[in-house]
Each structure stands twice: as structure tokens, then as C-alpha cells.
Amino acid sequence: MTLARPALSLFATLAAAGALHAQESQRPKSFKVRWDSPGADTAKASFVTMSPGWHLTTGPNSGIFYDPAWAGTGNYKAEAVIHLFDPPKGHAEAYGIFVGGKDLDGAGQSYLYFLLRTDGQYLVKQRTGKAVKDVIAPTASPAIKPFVAGKESVGNTLAIAAGAETVDFLINGTKVASKPRKDLAVDGTAGLRANHMLNLHVEKFAVTK
């Protein structure tokens, strides 16, 4: 599946006026947000429709963002095109996608997530309730397009492809890792995840068979 990219001029506009647009736009009514720390300050966070896709800023919190209609079961691929603007200095934050979501409104929330860090590494983790464990520790890959100082943004495509026997993790069309499906819980809700102090534009997200 080929995901179209908009003209660069659009992202120049987003970089210059993203905060203003976020104030003027609204979160899609069907979307839900679950913060890792519900009591933390979320006043600087926003998740709004901004064609094409959605614009997301997290402020001092981190969490997941999803439409309950996004779900993957059986053999499927969850894929997103995400553009990173002005990453925070001094600490590697991460953003990407999740699958296998269960009880996302409850204490037993669980999901598998595949993220890119702002230092050019990827990772895979499993959350179950408040516990988080590494599936793949942070790993560098030449498939990742790094943010370059002086540039407006960098865009990367992340995908989780769940097959009958394996689950593959892809960055910009390159398979960077694979795990046995029997070891992972990948059936369930899919969506986006972003850590602290990130400014992102999600150009597209799709779950396809």
C-alpha cells in the first residue's frame, strides 16, 4: 500500500503555525486519549484534525491517541506516516503506533507499541496495566530518517504487519525486526502513542488486511 505525501509547503505552514491551528481546530469526536499520568498537566497538549491527518502536541505528559474503530485482528498491517517537528533537546523522546489494545479505558489496559526515538533508534514495548516491559530494546537502524538541524521536519513511516506466524516491524518499508506471533498480543485496538514534549503531524494512519 502506498501512502501519498502532501507538498512540502503544507508542512512549512504547519511548522510555522501549528500551535495556532491547534487552538482553532477540534479533536475528532470519535477519538479518545489516555494519558500515562492523568493528574499531570495537559494544558499544553492537543490532538486535533488538521488536513491531511491530525496534529498532536503532548506537552509534559505522554499517552495514547486512538479511534475505537481502529482495530486489527487476524492477518493485518497497521501503518502510520508521522512527521516530527523541532524535537526536544537533551533527552530522547519517542513516538509511533500501538496494536493489540485491550481495556484501554480501564485499569487492565494492555497494548504493544512500536516507537521511533528522537535520537534515531526504534523500540518495541508491551504495556500491561502499569507495568511496561521491553520486547525490543532501543536499537539504531539506517532505515530511520533522522531529524536534521535546520530542517522543518522529518517524516517516517512505521508499520506493524501481523502474519500467521510472525509479527514484522517496518520503518519506511524496511523490515527492521520480527517476532513470533505466539509471543505477542496483537489482536485489538490500534492507534498512536507519543511521549513528552513532542510536536507531531500524523499524515495518515490505517489498518489494512
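Residues numbered from 1 in each chain as written. Predicted model: local features only at pLDDT ≥ 70, side-chain atom pairs only at ≥ 80, totals over all residues. Heavy atoms only, no water.

Engineer: Is there a simple way to explain the overall build of the protein chain in this structure?
Structural biologist: Looking only at helices and strands, the protein chain has 1 helix and 15 strands in total. For the protein chain, the proportion of its 209 residues judged to be buried stands at 51%. Sequence separation of at least 24 residues holds for 63% of the intrachain contacts in the protein chain that already meet a minimum separation of 6. Counting every atom, the protein chain has about 9700 Å² of accessible surface; 53% of that belongs to carbon and sulfur. (Helix = DSSP H or I, 4+ residues; strand = E, 2+ residues; numbered from the N terminus. Buried < 20%, exposed > 50% of the residue type's maximum accessible area, 1.4 Å probe, protein only. Contact = heavy atoms within 4.5 Å. Areas by Shrake-Rupley, 256 points an atom, 1.4 Å probe, with all protein chains shown as cover.)

Engineer: What exactly am I supposed to notice about the pairing of strand β14 (residues 188-194) here?
Structural biologist: Along any regular strand, the residues point their side chains to alternate faces of the sheet. Of all 7 residues making up β14, 7 are buried, and the element is well covered by its neighbours. Examined bridge by bridge, strand β5 (residues 71-72) and β14 share 2 bridges and lie antiparallel to one another. When the bridges of β14 are listed, Gly-72 appears paired with Gly-188. Bridging between strand β7 (residues 94-102) and β14 involves 5 bridges; their strand directions are antiparallel. Bridge pairing in β14 places Phe-98 opposite Gly-191. (Pairing = 2+ DSSP bridges.)

Engineer: Would you mind going over the packing of aromatic side chains with me for this structure?
Structural biologist: Aromatic rings in a pair are described by how distant their centres are and how their planes are angled relative to each other. Taken as a whole and judged by the stated rule, the model has 12 aromatic pairs. With a centroid separation of 5.2 Å and 65° between ring planes, the pair formed by Phe-31 and Phe-47 is classed as edge-to-face. Residue Phe-31 is found in the loop between α1 (8-24) and β1 (32-35), and its partner Phe-47 is found in strand β2 (residues 46-49); the two are separated by 16 residues along the sequence. Across the pair, exposure class does not vary: Phe-31 and Phe-47 are buried alike. Seen from their ring centres, Tyr-66 and Phe-98 are 6.1 Å apart, and the 85° between their planes marks the pair as edge-to-face. Of the two residues, Tyr-66 is situated in strand β4 (residues 63-66) and Phe-98 in strand β7; the sequence distance between them amounts to 32 residues. We classify Tyr-66 as buried; its relative accessible area is 3%. One aromatic cluster is present, formed by Phe-31, Trp-35, Phe-47, Trp-54, Phe-65, Trp-70 and Phe-205 through successive ring pairs. Above the plane of the ring of Tyr-113 lies Arg-193, whose end atom (NZ or CZ) is 4.9 Å from the centre. (Phe/Tyr/Trp six-rings, centres within 6.5 Å; stacked < 30°, edge-to-face > 60°. Lys NZ or Arg CZ within 6 Å of the ring centre and 35° of its normal.)

Engineer: Explain the environment of Ala-206 to me, please; I cannot follow it from the model alone.
Structural biologist: Along the polypeptide, Ala-206 turns up in strand β15 (residues 199-208). Residues Ala-206 and Trp-70 lie 136 residues apart in sequence; the distance between their C-alpha atoms is 7.8 Å.

Engineer: Just to check I follow, could you spell out the sheet that holds strand β12 (residues 166-171) for this structure?
Structural biologist: Remark on secondary structure: sheet strands pair via backbone hydrogen bonds, oriented parallel or antiparallel. Spatial strand order, β2-β3-β15-β6-β11-β12-β13: 7 strands in an open sheet with antiparallel pairing. Edge positions in the sheet fall to β2 and β13 (174-180), since each of these pairs with one other strand and no more. In this sheet, adjacent strand axes meet at a mean angle of 20° when their direction is disregarded. Looking at chain direction, strand β11 (residues 153-162) and β12 are connected through 5 bridges and run antiparallel. Bridge pairing in β12 links Ile-160 to Phe-169. (Axes fitted to C-alpha atoms, helices over the stretch in contact; angles between N-to-C directions.)

Engineer: Hey, could you run me through the pattern of salt bridges in this one?
Structural biologist: When their charged atoms lie close together, side chains carrying opposite charge are able to pair. This structure, assessed with the given rule, holds 8 salt bridges. Among the ionic pairs, Arg-127 bridges to Asp-36, the shortest N-O distance being 3.8 Å. Remark: Asp-36 occurs in the loop between β1 and β2 and Arg-127 occurs in strand β9 (residues 121-128); sequence separation between them is 91 residues. By relative accessible area, which is 10% here, Arg-127 ends up buried. Close ionic contact of Arg-193 with Asp-36 constitutes a salt bridge, the shortest N to O distance being 2.6 Å. With Arg-193 in strand β14 and Asp-36 in the loop between β1 and β2, the pair connects residues that are 157 residues apart, well separated along the chain. (Salt bridge = Lys/Arg side-chain N within 4 Å of Asp/Glu carboxyl O.)

Engineer: When you look at unusual backbone geometry in this model, what are you seeing that I'm missing?
Structural biologist: Keep in mind that most residues, glycine aside, have a negative phi and that most peptide bonds are trans. Cis peptide bonds are those with omega within 30 degrees of zero, and the linkage from Ser-51 to Pro-52 qualifies with -5°. Within the secondary structure, Pro-52 sits in the loop between β2 and β3 (54-57). Positive phi, normally seen in glycine, also occurs at Asp-103, with a value near 50°. Judged by relative accessible area, which is 44%, Asp-103 ranks as partly exposed. Look at Met-197: it is not a glycine, yet its phi comes out positive at around 55°.

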